[in-house]
Each structure stands twice: as structure tokens, then as C-alpha cells.
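Overview (structure and organization)
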Amino acid sequence: MDTSSRRSTLTVTLCFIVALIEGLDLQSAGIAAAGIRQAFELDQKMMGWMFSASIIGLLPGAFFGGWLADRIGRKRVLIGAVILFGIFSLWTAYVSSVNGLLLARLMTGLGLGAALPNLIALCAEAVEERRRGTAISIMYCGVPLGGAIAAVVGMLGGESWQTVFIVGGVAPLLVAPLLIFALPESRDFREQHQGAAPVRESTVQALFGGGRAGATLALWVSYFFTLTVMYMLLNWLPSLLLEQGFSKPQAGTIQMLFNIGGAIGSLLGGLLLDRRGRTGVVLFAYGGVLASLAGLGFASGMLAMAIAGFAAGLFIIAAQLVLYALAPPAYPTSVRATGVGAAVAVGRLGSVSGPLAAGQILAAGAGTAGVLLAASPGLVIAALVVLGMSRRRAAEAPATSTTSH
């Protein structure tokens, strides 16, 4: 294995480890929801705010994490983000008031948000373009696997809701020194910053200049609606299952299957993107999400619900992986992390909306089926926008090729 291949493998491996911990921390609130609700005596609307507090932090974290990475490096920002979400995840386990809980989740979200665009940029820039989808998918499958670990920790922790936050806080603080000494900085970033100082584009120019406006808006719309549904499921699925009469161990098992399906969906989405046309992959992913949501809404027995939960994880993560793989090629190296970070940040608006909307719908008495039905139109819009973006890019490719000759 040559030096370049070793660097690529090391980068993707370390990013996978961080994604694993990020997945654990992203789902920790959902896993601990029943214990938190009892400990702080929260109603459904306040539970929605508790879920959304960390997600609100994800938005500025993603945007400024990407923006800063284009200036000081992907590695530095990632390390700072990992330390930040480690400290505040640990703090979550020891808060004694609702305000302290919301602040701890907000700051955890800030770190988690800053990490993701840098994980995507590091993996995208570590390999050649034809392997980009696979590299990002290998990294990102750590997120649902981390969620599965969170479900196991939650079951092993019994009545102690703090356990999942302690594990989610200690793990990143242990990994941070490894990143400092072993993670290579992006070669594309280093080359961009060698010699003369690079010309800085304004944020608006970075996102909408150079013919990038259409791609930016398409990414924003698709990220928003897809992450709305994803975070609705991540945060509310255990509670919805308990309300449908499933026991806590059964709900934990279905949540674990959701995450295992997500890990498979991540790998499958990346491999298919690198080997098949985007149109087929988009239809496969979003069509599967709609079918699995119907399954979650109407399945009655444990076996049927387990299958629906596994399928929902597989397809929603595959859909999200498609979006994460489509974003980096839309921007040049000098503004890539800014573009990816902005798309992820807009997606986080959907992430905030999802849990809040689910709380309001449940409070109105619509039930599980009503929550899942309300999520469907946004998924159709996201799929149509991604298909339009893919066709536009395919149409532009021959013209670019002709011009280059």
C-alpha cells in the first residue's frame, strides 16, 4: 500500500471513529428520553424542546464549522468540535435543572454540528473522485452504528438515564488526542494554502457565485426535508413505540434495528452512487423511506414493526448519504467546507422542525400514524429536487467536456 493509500485509509478510519461517537451522542437524548421526562417532569411539548435544543446548536455549528475549516483547516476544527461535544455531553449527565439541561444539549449540538461538514470534507478530499461516495458512506455508516451502541448502552444502563451521556462524553475526550497526533490534514486544503495566500470569496459568492446558485438551493431544499424526517424518527421513535404498547426492551430492539439498517443503508447508498446512476439510487432511497414510514404507522406485531424499523433506518440513511455525497463535488476546494456546512446547517432547520412538529402533532392527539403521514409530502419534494439537480448536472457534463476539447 503506497503512502497516499495509507493516508486515505487512515483518514477514513479516524473519521469513521468520530462518526461512531457522533451517532451515539446524536441519539443519546432519544434513548434517555423516558428517564429525562420522569426526572425533570417534562410534558410532550417540553420534551420536543429538549430534543430540539441540541439540534438548534447543530445549525450554527455546521455553518461556522465549515466556514472556519476553509480558513484554518479541517483537522483543527474537527478536533475542537470533538472536545466541545464531549465536554457538554458529559455535563448533561450531571445537570440539576431544566435550563441547565437545555443549555448542555445546545452546546453539545454546537460541537456535533461543527464536526459533520469536516468529516464529509476530509473523506471527500482523501480519495479520488470516483471513490468519493464510497469513502463518505464508510465514514457515515459510523453514525447509525453509534446510534445502535447508544441503544445497547441505554438497555444496559437500566433505569440510569445518565449512563448514555457519560459514555458519550468520555469517548470523544479519549479520541481527541488520537486525532491530534494521527489524523492527516486534507491534502487539497494544504495545496490550496501553499505559497501565496488564497483569494477569499465572500460567503454569498462562495455559495451562489460561479454558477453554483441552483445546486446550492437544490441541496438546501433536499437537506431540509430529509433531515426533518430523519430527526423526527431519531428522537421520537422510542417514545412512539412505547405509546403504541411496546415494552422498553422491544422499543430498544427496534431502535437498534433502525440503526443497523441505517449502517447498511449508508454503505449501500455510497456503493450504488459510485457504480450506478444517481436517478435510480434517489428513487430507491426515497421510495423506500415512504414505504417504511407507512409500515411504522400501521404495523401491529413486534416482527412487522422490527422489519419496518430496520427498513426505515436503511432507506432514510441511504437518502441522507446520497445528499452528503452530492454536496462536495458542487463546490471547489477553497469553499467546499463552507458549501457543505451551509447545506448541513439548512438541513438542521429541518432537524429542529421535525421533533417540534412531532411534539405538536402528538399533543393534538393525531397519534403515531398522523406524525408519519405529515412527514411524507416533504420527502416527495426532496426526491424531486435531487432528481432535478442530478439531471441538470448530467446535462452540463457533456457541455463541459465539449468546451474542454
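- The chain appears in an unreviewed UniProt entry as MFS transporter, AAHS family, 3-hydroxyphenylpropionic acid transporter from Phytopseudomonas argentinensis.

1. Quick look at the packing of helix H6 (residues 132–140) against helix H14 (residues 302–326)
- Close contact between H6 and H14 brings their axes to 10 Å; oriented N to C, the two are set at 130°. Of the possible angle classes, the one that applies to H6 and H14 is oblique. Considering how the two elements wind past one another, H6 and H14 form a crossing that is right-handed. On H14, the residues that touch Gly 133, Ile 136, Ser 137 and Tyr 140 of H6 are Ile 317, Gln 320, Leu 321, Tyr 324 and Ala 325.

2. So, helix H11 (residues 213–243)
- Taking 1.5 Å as the rise per residue, H11 with 31 residues should run 45 Å; its terminal C-alpha atoms sit 44 Å apart, in good agreement.
- Taken across its 31 residues, H11 has 22 buried, putting it largely inside the fold.
- In the segment just after H11, Gly 245 is the residue with positive phi, at about 100°.

3. Structural notes on empty space enclosed by the protein
- One pass over the structure, following the stated rule, counts six cavities of 30 Å³ or more.
- Estimates place the volume of the largest cavity at around 110 Å³.
- Lining the largest cavity, in full, are Ser 4, Arg 7, Ser 8, Thr 11, Leu 122, Glu 125, Ala 126, Pro 184, Glu 185, Ser 186 and Arg 187.
- For the lining of the largest cavity, the elements supplying multiple residues, two or more each, are helix H1 (3–31) and helix H5 (98–126).

4. Things to note about the pattern of salt bridges
- Counted under the stated rule, the structure contains four salt bridges.
- The shortest N-O distance in the salt bridge between Asp 70 and Arg 74 comes to 2.8 Å. Here Asp 70 matches Arg 74 in class, with each residue buried.
- A salt bridge links Arg 336 to Asp 188; the shortest N-O distance between them is 3.8 Å. With Arg 336 in helix H15 (residues 336–363) and Asp 188 in helix H9 (residues 187–192), this pair connects stretches of sequence that are 148 residues apart.
- Connected through salt bridges with shared partners, the residues Asp 70, Arg 74, Glu 125, Asp 188 and Arg 336 form a single ionic network.

5. Overview of the side chain of Thr 11
- With respect to the helices and strands, Thr 11 occurs in helix H1.
- Not counting residues up to four positions away in its chain, the partners in contact with Thr 11 are Leu 122, Ala 126, Leu 183 and Pro 184.

6. Observations regarding the packing of aromatic side chains
- Following the criterion strictly, the structure yields nine aromatic pairs and no others.
- Measuring from ring centre to ring centre gives 5.2 Å for Phe 63 and Phe 64, while their planes differ by 85°; the resulting arrangement is edge-to-face.
- Judged by its relative accessible area of 21%, Phe 63 falls in the partly exposed class.
- Plain terms: the ring middles of Phe 208 and Trp 220 are 5.6 Å apart, the flat faces sit at 80° to each other, and that makes the pair edge-to-face. You can see Phe 208 sitting in helix H10 (residues 203–208) and its partner Trp 220 sitting in helix H11, a full 12 residues away along the chain.
- In this structure an aromatic cluster arises from ring pairing among Phe 40, Trp 161 and Phe 165.

7. A few points about the domain arrangement of the chain
- The domains assigned to the chain are domain 1 (1–187) and domain 2 (201–404).
- Distance from the C-alpha centre of domain 1 to the C-alpha centre of domain 2: 18 Å.
- Of the residues lining the interface, 47 residues belong to domain 1; the matching set on domain 2 comes to 52 residues.
- For the pair domain 1 and domain 2, the summed buried surface comes to about 4200 Å²; carbon and sulfur atoms form 67% of the total.

8. Here's the deal with the environment of Val 322
- You can see Val 322 is positioned in helix H14.
- Take Val 322: its relative accessible area is 1%, and that puts it in the buried class.
- Counting along the chain gives 56 residues from Val 322 to Ser 266, while the straight-line C-alpha distance between them is 8.6 Å.
- In contact with Val 322, other than residues within four places in its own chain, are Leu 273, Val 281, Val 282 and Val 386.

Reading guide: rules and limits
Residues numbered from 1 in each chain as written. Predicted model: local features only at pLDDT ≥ 70, side-chain atom pairs only at ≥ 80, totals over all residues. Heavy atoms only, no water. Axes fitted to C-alpha atoms, helices over the stretch in contact; angles between N-to-C directions. Helix = DSSP H or I, 4+ residues; strand = E, 2+ residues; numbered from the N terminus. Parallel < 35°, antiparallel > 145°, perpendicular 65-115°, else oblique. Left-handed = near helix turned anticlockwise from the far one by under 90°. Contact = heavy atoms within 4.5 Å. Expected span 1.5 Å × (residues − 1). Buried < 20%, exposed > 50% of the residue type's maximum accessible area, 1.4 Å probe, protein only. 1 Å grid on protein atoms, 1.4 Å probe; cavity = no way out; pocket = protein on both sides within 12 Å on 5 of 7 lines; lining within 4 Å. Points joined across faces, edges and corners; volume = space filled by probe spheres on them. Salt bridge = Lys/Arg side-chain N within 4 Å of Asp/Glu carboxyl O. Phe/Tyr/Trp six-rings, centres within 6.5 Å; stacked < 30°, edge-to-face > 60°. Domains from an automatic or database assignment. Buried area = accessible area lost by both parts, 1.4 Å probe.

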